[in-house]
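# Structural overview
Spelled out from the first residue to the last, the chains are:
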Amino acid sequence: MSSATSFRRAPLLTFYAAVVFIFIYLPVIVLILYSFNRDGVGGFPPHHLTLDWYRLLFADAPIWDSVVNSLIVAAGSVALSLTLGLLAALALDRATFPGKALFRRLVLLPLILPGIITGLSLLMFAVLVRTQLSLFTVFLGHGTALISVATTELFAGLQKMDRVQEEASLDLGATPWQTFWRITLPNLKLSLIAAGLLIFTLSMDEIAVTFFLIGRDNTLPLEIWGRLRRGITPEINAVSTLIFVVSVGLIVFWYRVRTRGLGADAQELLERP
Amino acid sequence: MYSRTYKAIVSVPPLLWVGLFLLLPYLLMFAHSFWAVQDQAIVHQWNVDNYRTLFTKPVYLEVLLRTMRIATSVTLCSLLLGYPLAYYLSFHAGARKELLYQLVIVPLWVSYLVRGYAWKTILGSEGVLNGFLQYMHLTREPVASLLYSPFAVVLVLTHIYTPFVFLPIYAALEHIPRPLVEASQDLGANSAQTFLRIILPLSIPGLLAGATFAFVLSLGDFLAPLLVGGASGTMIANVVQSLFGAAYDWPLGAAISVCILILIVSLLFLTERLEKRWSFK
Amino acid sequence: MNPSAASSAQAASSAGGVLLEVRGVAKRFGARDVLKDISLNIASGEFITLLGESGSGKTTLLRLVAGFEQPTAGEIWMSGDRLDTIPPYKRRVNTVFQHYALFPHLSVRENVAYGLRVKKTSATEIGGRVEEALQMVKMEEFADSRPSKLSGGQQQRVALARALVNRPLLLLLDEPLSALDANLRKQMQSELKALQRELGITFLFVTHDQEEAMALSDRIALLRNGALEQVASPREIYAHPATAYTAQFIGQTNLLLGEIRGSIATCGVLRWPFEAPDTPVTFSLRPESIRICAGGVRLSSEVKFRASIRQQLYGGASELLEVDCGGQLLRVRIFAHGPLSGEHDFVFSIADAIRVQE
């Protein structure tokens, strides 16, 4: 309804926006396109379309091992980050204690600091306590670094929540523990899911911190990294395309569940506090 | 309303964890910067040699300056791409706004590494771009200087961070009440004047947030240089990385990291003050 | 559009020549016709109000004149030039927005100066005119404050000054008083009317409050479902409503439904001579037109009836009686009387029963 749209179109701006869009999508398109190219990456235009690289990919055991590793680490990180993040959000929202301001900044620091700094710090810590580097250390690293994501999202969710509901619950005789489980947590449902999805995604693609905490078993990004050092193969295009498709599928799924609902139950489940 | 037990339960675990796994490691990094290395081992001898090395040996300063130039370029380019895009979506996209927004977000789901690698395949001598240029008979030989240069690093990092710059700017623009824009036009301002006097000033907090994010993360990036930077595109984080790897000098690496950390924290402090000054209700 | 509205639309008020001409304007949003064939002339110097319920199209019409929407059909002309093809920033029209839309990052002074700055007016001239405008709305001492520090009423004054400082040919006001509380509202109404009189600028005012419209306007344009129901001065529209809708929307009334047969109008138990062809008919009878018949005497120009009092609503200066007249519930407004009950004789003048279209 704004006058900007009702009065004049802006052709130059529209064109520029389109150019930016193309810039953003160019690598993705090239990536997907060349995963089907027989002659590998490079050259133009791609000819001899083939599914060979995908066939090769599916037979490639180390890649799938690394996918499993990534999934395990990601799942663990979600659990760890959400738990600690929820507590931190509650603490920031409801408690006062000495050093609260410092705590808040400290929690948010890994979000804005380049991963290398957090990664190296954790490495030094691991050396100090003489821990072997492994998926476990990676999991601890991700979980710790991503607490900030959970805290931010859940804190916002808590602020939006009407405190009166908790007061009503206590008034009706529920203990604080019961109130937490029956009222507070369900109200945070959407925030928890959003945070969980984001943490999962960030963990799956995490490189900087993982780089310094990795042991013998690779996560997917690190596995790809190793191969990139050795030489380019379109197999990497293939696995990336697959990841892209799965990710987009997840977004679309999440979007539809959130707005239109896969049936009344799912919608109600998400909406009902 | 909340008992002391409740408050204790919610504050103690995260405090402990963050203290142990975040504060302590950062402090450890800080401590390491004052130690030294002797015969392939770290010696806990307190000294400031590392910092002296940093400020006297020109190579480190040189790389740091190059890194800052790259980070600045990335920030500027990301803003030049991200702001108009956000403006277009917020004020000109109409019904398709939501869809376009999702479309901007979607490439973020493709791994950083993979997107960087894709640019490598595009920019290389045998790459897609050169192939395209030769196919269209615009060049006869491959252009070698596209890859393995600071230009390539800036390109890749801009590509990565433009969506991240877009997000807070878009949010800020969406927050501007449309009646303000109408009021400005009602009072006689054309779109350029309305943008400069009303929309831009009110979007500054978002702009600062996005710019800070892009700058800070570009500053500490080591992957893009490894992928597409080559020798001339090395950044300060690569130096740190090698000091923790083959060049084995953890204390020096720690010192550089501490410098980067201080630089970043000061910048964050500055932008936070600026953001407060420019936010109006 | 009914004939009364059509004739009023062409008639300009006494003040000046015609400033704004709305010619056959229609506006459609998607599948909805928000405005249907509106034609209206606004005279220079008059205070005209667009009155209507929400959804009647009044705000849309205002926005068309401001330039924030384009008409789907029809044209708008101002001072002999085509208006609807010009962008809003080129029109000699300014708006006072419903929620003021003051720029939060600019001070009061800078807000008021905005329109002048944007047109590259000289600094000295800006200074003088801004000062003048602030004095006009009594906000001089707040000149360097930020809008967020002001109350609703104060913000409203600043919004007014910001618009008026540009000396527009036409000032549009989009329900500017609706966000204020009752007392402040009454006060602002008075100030607004005085200001308009003093400046002589044409005001196009939008409201859903009929009392406000009657108090302020030289003319009222009543909108209903996107069409003009009636356009007339407040006194005219109150005394001679054209339709039942108008009669009920503006002030209170009793709607008497009946028929005319053989030059006699019959509505329930009420009968009086009425010269007209046989037809079903509706009359509007204002509650204050009915009085208690003290001595039982009726003039030949009056109608007398007997009714029992069902409800008495005390209102300080007056009382509202709900009376049962042969099964029909009528409302009667009388001066404060003291408690009443039972059956009484009531009387009203035939001339006060206004025939209206359904």
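Model, not experiment: these values are computed from the prediction.

A word on the overall build of chain A. When helices and strands are counted, chain A shows 15 helices and 0 strands. Counting every position in chain A, which comprises 273 residues, the buried fraction comes to 41%.

Right, let's talk about the overall build of chain B for a bit. In terms of helices and strands, chain B carries 12 helices and 2 strands. Order of helices (α) and strands (β) in chain B, N terminus to C terminus: α-β-β-α-α-α-α-α-α-α-α-α-α-α. Computed over its C-alpha atoms, the radius of gyration of chain B comes to 23 Å, more than 25% above the 19 Å expected for a compact globule of 281 residues. For the C-alpha atoms alone, the extent of chain B along its principal axes is close to 75 × 75 × 35 Å.

This paragraph deals with the interface of chain A and chain B. The interface is formed by 64 residues belonging to chain A together with 75 residues belonging to chain B. Counting only elements with at least two residues in the side of chain A that touches chain B, the list comes to α1 (3-7), α2 (11-34), α4 (61-94), α5 (100-112), α6 (115-128), α7 (135-145), α13 (220-230) and α14 (234-259) of chain A. With 13 residues, the top contributor of residues to the side of chain A that touches chain B is α2 of chain A. Class assignment for the residues of the side of chain A that touches chain B results in 50 nonpolar, 11 polar and 3 charged.

All names here are of chain C. Tracing the backbone shows alanine 213 in helix α7 (residues 210-216). Distance in space between the C-alpha atoms of alanine 213 and glycine 57 is 16 Å, their sequence separation being 156 residues. Those residues in contact with alanine 213, other than ones at most four positions away along the chain, are Thr49, Leu51, Thr207 and Ile220.

Let's shift gears to helix α7 (residues 150-175) of chain B. All names here are of chain B. The end-to-end C-alpha distance of α7, which contains 26 residues, comes to 37 Å, matching closely the 38 Å that a straight helix rising 1.5 Å per residue would cover. Of all the bends found along α7, the most pronounced is centred on tyrosine 161 and spans about 35 degrees, while proline 163, a proline, follows it within four residues. Most of α7 sits inside the fold, with 21 of its 26 residues counted as buried.

Here the focus is the sheet that holds strand β20 (residues 354-356) of chain C. All names here are of chain C. Strand order in this open sheet of 5 strands is β13-β12-β11-β14-β20, and the pairing throughout is antiparallel. Unpaired on one side and paired on the other, β13 (270-273) and β20 mark the two borders of the sheet. If you compare each strand with its neighbour and ignore which way they point, the axes differ by 35 degrees on average. Pairing of strand β14 (residues 279-285) with β20 involves 3 bridges; the strand directions are antiparallel. Residue pairing in the sheet places serine 284 in a bridge with isoleucine 354 of β20.

So, about the sheet that holds strand β3 (residues 47-51) of chain C. Residues and elements named next belong to chain C. As summarised here, the arrangement of the 6 strands in space is β6-β7-β8-β3-β9-β10, forming an open sheet in which the pairing is mixed. For this open sheet the edge positions go to β6 (93-96) and β10 (227-232), each flanked by a neighbour on one side alone. Averaged over all pairs of adjacent strands, the angle between their axes in this sheet comes to 20 degrees, without regard to strand direction.

All names here are of chain C. At a closest axis distance of 10 Å, the pairing of helix α3 (residues 108-118) and helix α4 (residues 123-136) adopts a crossing angle of 130 degrees. Regarding the angle of α3 to α4, the classification is oblique. Along this stretch, α3 crosses α4, giving a crossing that reads as right-handed. Contacts between α3 and α4 pair Arg109, Val112, Ala113, Leu116 and Arg117 from the former with Ile126, Arg129, Val130, Ala133 and Leu134 from the latter. Broken down by class, the residue content of the contact of α3 with α4 amounts to 7 nonpolar, no polar and 3 charged.

Below, the discussion takes up helix α8 (residues 147-160) of chain A. Because an α-helix packs 3.6 residues into every turn, residues spaced three or four apart end up facing the same way. An ideal rise of 1.5 Å per residue puts 20 Å on 14 residues; α8 of chain A measures up with 20 Å between its terminal C-alpha atoms. Along α8 of chain A, the residues that are buried comprise Ile147, Ser148, Val149, Ala150, Thr151, Glu153, Leu154, Phe155 and Gly157 of chain A.

Glancing now at the pairing of strand β11 (residues 254-261) of chain C. In the case of a regular strand, side chains alternate between the two sheet surfaces. All names here are of chain C. Relative to β14, β11 runs antiparallel, the two sharing 7 bridges. Bridge assignment links glutamate 259 to a residue of β14, and that residue is proline 280. Joining the antiparallel neighbours β11 and strand β12 (residues 264-267) is a turn of 2 residues, in which glycine 262 adopts a positive phi near 55 degrees.

Right, let's get into the packing of helix α8 (residues 178-186) of chain B against helix α9 (residues 191-219) of chain B. All names here are of chain B. The interhelical angle for the contact between α8 and α9, taken along N-to-C directions, is 140 degrees, at an axis separation of 10 Å. Viewed along their axes, α8 and α9 adopt a mutual orientation that is oblique. The two elements α8 and α9 cross, and the hand of that crossing is right-handed. Here Leu180, Val181, Ser184 and Gln185 of α8 come into contact with α9, specifically with Thr194, Arg197, Ile198 and Ile199. Residues of the contact of α8 with α9, tallied by class, amount to 4 nonpolar, 3 polar and 1 charged.

What follows deals with the confidence of the model for chain A. All names here are of chain A. Confidence along chain A averages 83 in pLDDT terms, with 88% of residues attaining 70 or more. Looking across chain A, the model is least confident in α1, with a mean pLDDT of 41, and most confident in α7, with 93. Between residues 1-7, whose pLDDT stays under 50, and residues either more than four places distant or in other chains, the model counts 18 contacts. Per-residue pLDDT stays below 50 along residues 261-267; that stretch engages in 5 contacts with residues further than four places along the chain or on separate chains.

Let us look at the pairing of strand β9 (residues 219-224) of chain C. Residue and element names in this part refer to chain C. For β9, the tally of buried residues reaches 5 of 6 residues, placing the bulk of the element in the interior. Sheet topology note: the β3/β9 ladder contains 4 bridges and is parallel. Each bridged residue has a counterpart across the sheet, and for leucine 51 the counterpart in β9 is leucine 222. Here β9 pairs with β10 via 5 bridges, running antiparallel. Residue pairing across strands places arginine 224 opposite alanine 227, the latter belonging to β10. Taken together, β9 and the strand that follows it, β10, pair antiparallel across an intervening segment of 2 residues, in which asparagine 225 is found at a positive phi of about 50 degrees.

Below, the discussion takes up the environment of aspartate 209 of chain C. Residues and elements named next belong to chain C. Locating aspartate 209 in the fold gives a position in the loop between β8 (202-207) and α7. On the neighbour-count criterion, aspartate 209 (16 C-beta atoms within 10 Å) is partly exposed. Taking the C-alpha atoms as reference points, aspartate 209 and glycine 52, separated by 157 residues in sequence, lie 8.0 Å from one another.

What follows is about unusual backbone geometry. At tyrosine 148 of chain B, a position not held by glycine, the phi torsion is positive, near 55 degrees. When the 21 C-beta atoms within 10 Å are taken as the criterion, tyrosine 148 of chain B is described as buried. Its identity as a non-glycine residue notwithstanding, serine 79 of chain C has a phi of 50 degrees, on the positive side. Looking at the element boundaries, serine 79 of chain C is found in the loop between β4 (73-78) and β5 (81-82). The class for serine 79 of chain C is partly exposed, based on 14 C-beta atoms found within 10 Å.

Rules behind the numbers
- Residues numbered from 1 in each chain as written.
- Chains lettered and ligands numbered in written order.
- Predicted model: local features only at pLDDT ≥ 70, side-chain atom pairs only at ≥ 80, totals over all residues.
- Helix = DSSP H or I, 4+ residues; strand = E, 2+ residues; numbered from the N terminus.
- Buried ≥ 20, exposed ≤ 12 C-beta atoms within 10 Å, placed from the backbone.
- Rg over C-alpha atoms; globule rule 2.2 N^0.38 Å.
- Contact = placed C-beta atoms within 7 Å.
- Nonpolar A, V, L, I, M, F, W, Y, C, P; charged D, E, K, R; others polar.
- Expected span 1.5 Å × (residues − 1).
- Bend = angle between axes of the 7 residues up to and from the residue.
- Pairing = 2+ DSSP bridges.
- Axes fitted to C-alpha atoms, helices over the stretch in contact; angles between N-to-C directions.
- Parallel < 35°, antiparallel > 145°, perpendicular 65-115°, else oblique.
- Left-handed = near helix turned anticlockwise from the far one by under 90°.
- pLDDT = per-residue confidence, 0-100.

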